[in-house]
Amino acid sequence: MKYKVLLYTSLLALCLVVGLKIRQQSANSNLPLVAIANYGPHASLNATIEGIQQQLAKQGFIEQQTVRYAISDVGFDAALIPQMVKQLQQLKPTVMVLLTTPVAQFAKGAIRQIPLVYSAITDPVAAGLLTQADRPTANLTGCSERQDLQRLLTFAQQLLPHAKRLGLLYATAESNDQALRQMLRKAAEQQGLSLLALPINQAREVPLQLTQFQGKVDFIYVGSSGPIQPSLPTIAREAKKMGIPVFNVDASAVRQGEVLASFGVDYQKIGRKTGELITAILRGALPNQLPPCYPTAEDHQAVLSRRQAMAFHIPLPATQPQLMVVE
């Protein structure tokens, strides 16, 4: 009996919370609504959202004054993506933003009448979102986060001149990860590096798979994988035990002293580029009129941890553009 009462109370509370949220969104229902469907909370994805909102504000779309936002995520639980997308769809947004490949793939197949803008996706063609890299579809365009892997490896070899072997974990269920693995292998070959790429089916496999890098790789790279990025603290801890430096796609873990360095796109800049597409749609443009965008050289940044460099006895490189050294 107590269980039933508790269950009914919990369900009622959930309904009240959902109702309150809908009422809050409808308080200024005449304002255009930007719905953001996010895979999960993470530094790079959070920065993308911040960049989107910054760009819209710069263009005069101020939250609760000239635009509304509905932002949701599924905590990296892919099974909840359909529910999240459908709930946002029911709000009838002016435009829906799709962060990461799994979210965009579902929304592309499920939504036809709402303009869609993807972001934080490595290869939209490999993900099946576009048929050609420079051509949007009827209701879908967006901004890729595809980084210059050649420059990443050049930076890594600058810090580790004797490195010949690179390690990568990739999620088998993610087309984003598959695209990264293929592009990284090609870039590594051009740089004279070998790539050891190990598959991950579930997050709990990360510690065990990492042990296979011992004595076989000179550094590890962690990309923007939705399933693997949440395991970065584990990767950093286990790699430290093995004496293997780690490069991450974004700088958050570098600033915290967890990994040696990062080289990748500035996700706030990616967000701002995405925001330009959203702004155009809010002003009446159609997605098929807006070419997809990709990062430029200026959108990249290298960040190096002084503490980690000292631990690995790595001399600090000379000052150079787009390189930041943090404690």
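Just above, that's the structure.
Scope of this entry: the structure provided in the associated data block. Within each chain, residue numbers correspond to sequence positions counted from 1 in written order. pLDDT decides what is reported in this predicted model: residues at 70 or higher carry local features, side-chain atom pairs at 80 or more are listed and counted, and totals for whole chains, interfaces and linings draw on all residues regardless. With hydrogens and water set aside, each side-chain value is computed from the structure's full complement of heavy atoms.

## What to know about the overall build of the chain
Part 1 of the argument: Secondary structure counts use DSSP, requiring at least four H or I residues in a row for a helix and at least two E residues in a row for a strand, with both numbered from the N terminus. Looking only at helices and strands, one finds eleven helices and twelve strands in the chain.
Part 2 of the argument: In this description the radius of gyration comes from C-alpha coordinates, and the expected globular size is given by 2.2 Å times residues to the power 0.38. Relative to the compact-globule value of 20 Å for 327 residues, the chain shows a C-alpha radius of gyration of 21 Å, a close match.
Part 3 of the argument: Out of the 327 residues belonging to the chain, those deemed buried represent 50%.
Part 4 of the argument: Whether two residues touch is decided by their heavy atoms; if any such pair falls within 4.5 Å, the residues are in contact. The contacts in the chain between residues at least 6 apart in sequence include a share of 70% that link residues at least 24 apart.
Part 5 of the argument: Per-residue and other accessible areas were derived by the Shrake-Rupley procedure at a 1.4 Å probe size, with only the shown protein chains allowed to occlude residues. Counting every atom, the chain has about 15500 Å² of accessible surface; 54% of that belongs to carbon and sulfur. Under the scheme applied here, a residue whose accessible area is under 20% of the maximum for its type counts as buried, over 50% as exposed, and between as partly exposed, the area being computed with a 1.4 Å probe on protein chains only.

## Here's the deal with the sheet that holds strand 1 (residues 33–38)
Part 1 of the argument: The strand order across the open sheet built from five strands is 2-1-3-4-5, with neighbouring strands paired in parallel fashion. Every other strand in the sheet has two partners, leaving strand 2 (68–73) and strand 5 (140–144) as the edge strands with one partner each. Ignoring strand direction, the axes of neighbouring strands in this sheet form an average angle of 20°.
Part 2 of the argument: A pair of strands counts as paired when DSSP detects no fewer than two bridges linking them. Here strand 3 (residues 95–99) runs beside strand 4 (residues 116–121); their pairing, made up of four bridges, is parallel. Lines fitted to the C-alpha atoms define the axes, with helices restricted to the stretch that makes contact. Angles between their N-to-C directions range from 0 to 180 degrees.

## Comments concerning the side chain of Thr48
Part 1 of the argument: Inspection of the secondary structure puts Thr48 in helix 2 (residues 43–58).
Part 2 of the argument: Among the residues examined, Thr48 registers a relative accessible area of 0% and is labelled buried.
Part 3 of the argument: Polar contacts here mean pairs of N or O atoms no more than 3.5 Å apart (in protein, one a potential hydrogen donor and the other a potential acceptor; neighbouring residues in sequence count only if both atoms are side-chain atoms). A distance of 2.9 Å separates a polar atom in the side chain of Thr48 from the backbone oxygen of Ser44.
Part 4 of the argument: Ignoring anything within four residues of it in the chain, the contact list for Thr48 reads Leu99, Ser119, Ala120, Tyr267 and Gly271.

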